[in-house]
Amino acid sequence: MITRKRPVAAVCVLLAALTAGLAFPAGAVAGEPTGQDAPKVDLVLDVSGSMRARDIDGQSRMAAAKQAFNEVLDATPEEVELGIRTLGADYPGDDRKTGCKDTAQLYPVGPLDRTEAKTAVATLTPTGWTPIGPALLKAADDLDGGDGSKRIVLISDGEDTCAPLDPCEVAREIAAKGIGLTIDTLGLVPTAKMSRQLSCIAEATGGTYTSVEHQDELTDRVNELVDRAADPVVTPVPVKGTAECTGAPALKSGLYTDREEFGQQRWYRVDVLPGQELRASVSVAADRAVNPGYGVLLRAVTAHGREIVRGEAAGNGRTDVISTGLRYPEPERDGTDSDKPAAERVCLAVTHSFSAASGVKTTPGLPLELTVDVVDGPSRAGDVASFGLGRGWWLLGALILTGFLAGLVWGWLSRWRVAAWRTN
């Protein structure tokens, strides 16, 4: 998703939480793909004057983009609703205010008419400014509505020329809306500064950045991203945690997303029936510059404030995502507990110790992704509590006994051989 590699341990925590209890309830759960709405992709193409440069396989950047678009349009899956938006395609003048409004929907997002879309692309001529921020805002509106996957693929050969509307801040605002929209960026023959800006845009929404210097690379990457939109995905459900457990949103098995301010604590609650096990994980991403040295803490607390179990992880500034998880089995109850509530209300508290670097905005909060899975628990609570070994104690005991017996036999054989040597 992001150009910087996430730590393997963080990914394993999330995968374990998602796959350890494969049996979600038969009905639809939070974050489950419903398949009701078609996936949508909006291709946002930079048509600014710099696209005339002839440095991609001996042809202009614009010609390479047109050829790539033609091949992508031919290969677009039938189920994908695709649109094309341009930036810098119409205004050739020097008025910055007008140039920064120069973004238009070339082909509306919807069922694809390949001939019509190719004809529209063929008319494009490199013209004006590079209003990336305004184009992203409009593209988000193009994809508004529905619960299918939504993806913006931005293709540009330059930095935004319409500051102070920072495209990174625009991407963060889009992510903060919780509409499940991903922005992927591709830089044509990029400079270091342009790469940083396009990477920042992608990271803010969990997308990817790709540097492109050849026409076939552009075709292959855009095709890959369009195909990815058609893959079944689990879209996180937006949820707002509270400052305390009382009044916290009740969560069921599923995938959730939230925003957490610096120095803030967010609370959620999950009801766990006797004989069930709660498995939860949380991932917090730094979508902006932060100070090195940080951590994340996930705690499970009873409704009366007693901590049950916790998971924590620390980072040193080399990764942009940090994750942790926990497990809590609710034991079966005997007949004497009939006066107790049917379910244990477990409060989940998420805290992180990220701090913003100097001059970096602290709002909106950092993106937080929470996985909750309530499954049938082990036959006995002790199966989970045996120092993390579970029924592995049996194997450990067998290995110890085997080693002891092997030592006795080896000692006896050694003594016999020594005695026979002395006799001889």
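Look above for the structure.
Residues numbered from 1 in each chain as written. Predicted model: local features only at pLDDT ≥ 70, side-chain atom pairs only at ≥ 80, totals over all residues. Heavy atoms only, no water.

## A closer look at the sheet that holds strand β4 (residues 150-156)
Consider a sheet: its strands pair through backbone hydrogen bonds, and that pairing is either parallel or antiparallel.
Thought 1: In space, the 6 strands of this open sheet follow the order β3-β2-β1-β4-β5-β6, with mixed pairing throughout. Both edges of this open sheet fall to β3 (103-110) and β6 (209-212), since each of them pairs with a single strand only. Geometrically, the sheet is characterised by an average inter-axis angle of 15 degrees between neighbouring strands, direction not taken into account.
Thought 2: Across 7 bridges, β4 lies against strand β5 (residues 181-188) in parallel orientation. Each residue of the ladder has a partner; that of K150, found in β5, is L181.
Thought 3: Sitting on the sheet, helix α2 (residues 61-75) is in contact with β1 (40-46), β2 (81-87), β4 and β5, with an inclination near 165 degrees to β1. (Pairing = 2+ DSSP bridges. Helix = DSSP H or I, 4+ residues; strand = E, 2+ residues; numbered from the N terminus. Axes fitted to C-alpha atoms, helices over the stretch in contact; angles between N-to-C directions. Contact = heavy atoms within 4.5 Å.)

## Some remarks on the nonpolar core
Thought 1: Grouped together as the largest cluster of nonpolar side chains are 32 residues, with contacts concentrated most on L43, L45, I155, L186, L218, V222 and V226.
Thought 2: For this core, the secondary-structure elements that each account for two or more residues are β1, α2, β2, α4 (114-122), β4, β5 and α8 (215-230).
Thought 3: Apart from residues lying up to four places away in sequence, V226 is in contact with V41, L43, V72, T76, P77, V80 and L82.
Thought 4: With 28 residues, the next largest nonpolar core counts V282, V284, A300 and V374 among its residues. (Core = buried A, V, L, I, M, F, W, Y, C linked by side-chain atoms within 4.5 Å. Buried < 20%, exposed > 50% of the residue type's maximum accessible area, 1.4 Å probe, protein only.)

## Overview of the pattern of salt bridges
Thought 1: Scanning the entire structure with this criterion turns up 18 salt bridges.
Thought 2: Close ionic contact of E169 with R172 constitutes a salt bridge, the shortest N to O distance being 2.6 Å. Residue E169 and its partner R172 are both found in helix α6 (residues 167-176); the two are separated by 3 residues, about one turn of the helix.
Thought 3: Counted as one network, the salt bridges with shared partners bring together D55, R61 and D157. (Salt bridge = Lys/Arg side-chain N within 4 Å of Asp/Glu carboxyl O.)

## Regarding the packing of α2 against α4
Thought 1: Their axes nearest at 10 Å, the elements α2 and α4 cross at an angle of 175 degrees. Of the possible angle classes, the one that applies to α2 and α4 is roughly antiparallel. Residues K66, F69, N70, L73 and D74 of α2 form the contact with α4, whose own contacting residues are R114, A117, K118, V121 and A122. (Parallel < 35°, antiparallel > 145°, perpendicular 65-115°, else oblique.)

## Structural notes on the packing of aromatic side chains
Thought 1: With the rule as written, the count across this model stands at 1 aromatic pair.
Thought 2: Centre to centre, the rings of Y294 and F354 are 4.3 Å apart; their planes meet at 20 degrees, and the pair counts as stacked. Here the residue Y294 occupies a position in strand β11 (residues 294-302), and F354 occupies one in the loop between β14 (344-352) and β15 (366-376), the gap between them amounting to 60 residues. Taken individually, Y294 and F354 each receive the classification buried, so the pair is uniform in this respect. (Phe/Tyr/Trp six-rings, centres within 6.5 Å; stacked < 30°, edge-to-face > 60°.)

## Re the pairing of β1
Thought 1: For β1, the tally of buried residues reaches 7 of 7 residues, placing the bulk of the element in the interior.
Thought 2: Of the two faces of β1, both are covered, the one formed by K40, D42, V44 and D46 as well as the one formed by V41, L43 and L45.
Thought 3: As defined by bridge partners, β1 adjoins β2 across 7 bridges and the pair is classed as parallel. The residue of β2 that forms the bridge with V41 is L82.
Thought 4: What joins β1 to β2 is α2, and the crossover it makes is right-handed.
Thought 5: Relative to β4, β1 is paired through 6 bridges, and the arrangement is parallel. Paired with D42 across the strands is I152, a residue of β4. (Right-handed = clockwise from strand over helix to strand, strands pointing away.)

## Points about unusual backbone geometry
Thought 1: Look at the link from T363 to P364: it is a cis peptide, with omega at -5 degrees.
Thought 2: Along the polypeptide, P364 turns up in the loop between β14 and β15.
Thought 3: A positive phi angle, near 55 degrees, is found at D57, a position not held by glycine.
Thought 4: Tracing the backbone shows D57 in the loop between β1 and α2.
Thought 5: With relative accessibility at 46%, the residue D57 sits in the partly exposed group.

## Section: α2
Thought 1: The end-to-end C-alpha separation of α2 is 21 Å, in line with the 21 Å expected for 15 residues at 1.5 Å each.
Thought 2: Residues of α2 that are buried include every one of R61, M62, A64, A65, A68, F69, V72 and L73, and no others. Within α2, the buried residues cover an arc of 165 degrees as seen down the axis, which keeps them to one side.
Thought 3: Against the buried residues of α2 lie β1, β2, α4, β4, β5 and α8. (Expected span 1.5 Å × (residues − 1). Arc of directions from axis to C-beta.)

## Some remarks on the environment of K40
Thought 1: On the secondary structure map, K40 appears in strand β1.
Thought 2: Measuring from C-alpha to C-alpha, the distance between K40 and V109 comes to 7.1 Å, with 69 residues separating the pair along the chain.

## Section: the state of the cysteines
Here, disulfide denotes a covalent bond that connects the sulfur atoms of two cysteines.
Thought 1: Overall, the coordinates contain 3 disulfides when judged by the stated rule.
Thought 2: Shown here is the disulfide that connects C100 with C162, its sulfur atoms set 2.0 Å apart. Handedness here is read from the sign of the S-S torsion; for C100 and C162, about -100 degrees, the answer is left-handed. Of the two residues, C100 sits in the loop between α3 (96-99) and β3 while C162 sits in the loop between β4 and α6, which places them 62 residues apart along the sequence. Judged on exposure class, the residue C100 and its partner C162 are both buried.
Thought 3: Disulfide pairing is shown between C245 and C347; the S-S distance is 1.8 Å. Where C245 bonds to C347 through sulfur, the torsion about that S-S bond is close to -55 degrees, and the disulfide is left-handed. Remark: C347 occurs in strand β14 and C245 occurs in the loop between β7 (237-238) and β8 (254-260); sequence separation between them is 102 residues. (Disulfide = S-S within 2.5 Å.)

In short, shape yes, function no, at least from these values alone.
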